[in-house]
Amino acid sequence: MSAEYSLHDLANAKEALELAEKQWEDDDGQNRQAHIKKISAARANLSMIEGQLKHDGIIAEEDAAF
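Okay, so let's go over this structure. Here the structure is a predicted model, which means the values were calculated and not measured.

Cut-off values and rules
- Residues numbered from 1 in each chain as written.
- Predicted model: local features only at pLDDT ≥ 70, side-chain atom pairs only at ≥ 80, totals over all residues.
- Heavy atoms only, no water.
- Helix = DSSP H or I, 4+ residues; strand = E, 2+ residues; numbered from the N terminus.
- Areas by Shrake-Rupley, 256 points an atom, 1.4 Å probe, with all protein chains shown as cover.
- Buried < 20%, exposed > 50% of the residue type's maximum accessible area, 1.4 Å probe, protein only.
- Expected span 1.5 Å × (residues − 1).
- Arc of directions from axis to C-beta.
- Contact = heavy atoms within 4.5 Å.
- Polar contact = N/O pair within 3.5 Å; in protein donor to acceptor, adjacent residues only side chain to side chain.
- Salt bridge = Lys/Arg side-chain N within 4 Å of Asp/Glu carboxyl O.

A few words on the overall build of the chain. The number of helices and strands found in the chain is two helices and zero strands. Entry remark: accessible area of the chain is about 4,800 Å², with carbon and sulfur atoms responsible for 50%.

What follows is the structure in structure tokens.
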């Protein structure tokens, strides 16, 4: 089963990752494990969406975020 994603979903995933990384930078150090989990989940989501968009031919390999 293939999920359908759009460039809008990709942009939202990139923003979520950037937000998670910024929250970690701004944190006082008390929530390190929670930030690591949030960043890992955001990266996984971004990779999943990117992979599907590449597979569907919507974005090229060189357009990938990573």
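Now for the environment of S6. With respect to the helices and strands, S6 occurs in the segment before α1 (7-26). Relative accessible area serves as the criterion here: at 31%, S6 is assigned to the partly exposed category. Separated by 46 residues in the primary sequence, S6 and Q52 have C-alpha atoms spaced 9.4 Å apart.

Let us look at α1. Taking 1.5 Å per residue, 20 residues should reach 28 Å; α1 reaches 28 Å between its end C-alpha atoms and fits that length. Among the residues of α1, L10, A13, L17 and A20 are the ones counted as buried. Burial along α1 is one-sided: seen end-on, the buried residues are contained in an arc of 90 degrees. In α1, the exposed residues that point more than 90 degrees away from the buried face are H8, E18, E25 and D26. Those residues of α1 that are buried are in contact with α2 (32-55). The N-capping residue of α1, defined by a side-chain oxygen 3.2 Å from the backbone nitrogen of H8, is S6.

So, on to the pattern of salt bridges. Under the criterion given, the structure shown has two salt bridges. Here E21 ties to R43 by a salt bridge, and the two come within 3.4 Å at their closest N and O atoms. Of this pair, E21 sits in helix α1 while R43 sits in helix α2, and the two are 22 residues apart along the sequence. According to the relative accessible area criterion, E21 is partly exposed, its value standing at 27%.

Purely geometric stuff here, so don't read any function into it on its own.
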